[in-house]
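Chain and residue survey
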Amino acid sequence: MSTPESRPPVMERYARHVLVCTGGFCSAERRGRAIYSRLAQLLQREDLLFGPRRVKRSEAPCLGVCAGGPILAVYPEGTWYGGVTEALLERIVVEHLKGGQEIRDAVFHRLGGAGGP
Ligand code: FES
């Protein structure tokens, strides 16, 4: 009999992966939890849950920054945003995840070590 552990993993294609910190060190009120929930709604509204532009989302207990949160990272670009409010999240979804344009003035780090804007 097949068990979940005995079956090979399968992943549908996706275009981007968003990591959201829901921990309490970068945001005292753990506002990342609300951001993570709102992200699901926005991805659905913007038709980014299925098809070639599919965006996966994952929450993390800590992304190793621990200041200036909530912290959100977009891959494969490796673009890191800090201080993510609901308004900024909406811009990230519409302009970056859907439109392909970073919100440059909200970026504090890029893959490879390059800093903000
Ligand atoms: S708790 Fe959010 S980055 Fe560490």
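As a reminder, the structure under discussion sits directly above these lines.
All values derive from a computational prediction rather than experimental measurement.

Quick look at the sheet that holds strand S1 (residues 16–21)
If you trace the five strands from one edge of the open sheet to the other, you get S2-S1-S3-S4-S5, paired in mixed fashion. Every interior strand has two partners, whereas the edge strands, strand S2 (55–60) and strand S5 (107–110), have only one. Each strand of the sheet is rotated relative to its neighbour by a mean of 20°, with strand direction disregarded. Both S1 and strand S3 (residues 72–75) contribute to a ladder of four bridges, which runs antiparallel. Directly across from valine 20, in S3, lies its bridge partner leucine 72.

Structural notes on helix H2 (residues 86–98)
The largest bend in H2 comes to about 30°, at isoleucine 92. When H2 is considered as a whole, its buried residues turn out to be Leu89, Ile92, Val93, His96 and Leu97. Glycine 100 occupies a position one or two residues after H2 and carries a positive phi of about 80°.

Here we look at the nonpolar core
If you look at the biggest cluster of nonpolar residues, it comprises 23 residues, and the most contacted ones within it are Val20, Ile35, Leu39, Ile71 and Leu72. Taken together, the elements giving at least two residues each to this core come down to S1, helix H1 (32–45), S3, strand S4 (79–81) and H2. When sequence neighbours within four positions are dropped, the list of residues in contact with isoleucine 71 reads Cys21, Cys26, Leu63, Val65, Trp80 and Gly82.

Focus: the environment of arginine 57
Mapping arginine 57 onto the fold places it in strand S2. Separated by 49 residues in the primary sequence, arginine 57 and proline 8 place their C-alpha atoms 22 Å from one another. Not counting residues up to four positions away in its chain, the partners in contact with arginine 57 are Val18, Val20, Tyr36, Leu39, Ala40 and Leu43.

Focus: the pairing of S2
Pairing of S1 with S2 involves six bridges; the strand directions are parallel. Counted as the bridge partner of valine 18 is arginine 57 from S2. As a crossover connection, the stretch from S1 through H1 into S2 is right-handed.

Concerning H1
Its 14 residues place the ends of H1 20 Å apart at the C-alpha level, agreeing with the 20 Å of an ideal helix rising 1.5 Å per residue. Along H1, the positions that sit buried rather than exposed are Gly32, Ile35, Tyr36, Leu39 and Leu43. Here the buried residues of H1 occupy an arc of 100° about the axis, which is enough to place them on one side. In H1, the exposed residues that point more than 90 degrees away from the buried face are Ser37, Ala40, Gln41, Gln44 and Arg45. Buried residues in H1 make contact with S1, S2, S3 and H2.

Considerations on the environment of arginine 53
With respect to the element layout, arginine 53 can be found in the loop between H1 and S2. Taking C-alpha positions, arginine 53 is 9.0 Å from arginine 13, a pair spaced 40 residues apart along the chain. Those residues in contact with arginine 53 that lie beyond four places of it in its chain are Ala15 and Leu48.

So, how was this worked out
Residues numbered from 1 in each chain as written. Predicted model: local features only at pLDDT ≥ 70, side-chain atom pairs only at ≥ 80, totals over all residues. Pairing = 2+ DSSP bridges. Helix = DSSP H or I, 4+ residues; strand = E, 2+ residues; numbered from the N terminus. Axes fitted to C-alpha atoms, helices over the stretch in contact; angles between N-to-C directions. Bend = angle between axes of the 7 residues up to and from the residue. Buried ≥ 20, exposed ≤ 12 C-beta atoms within 10 Å, placed from the backbone. Core = buried A, V, L, I, M, F, W, Y, C linked by C-beta atoms within 7 Å. Contact = placed C-beta atoms within 7 Å. Right-handed = clockwise from strand over helix to strand, strands pointing away. Expected span 1.5 Å × (residues − 1). Arc of directions from axis to C-beta.

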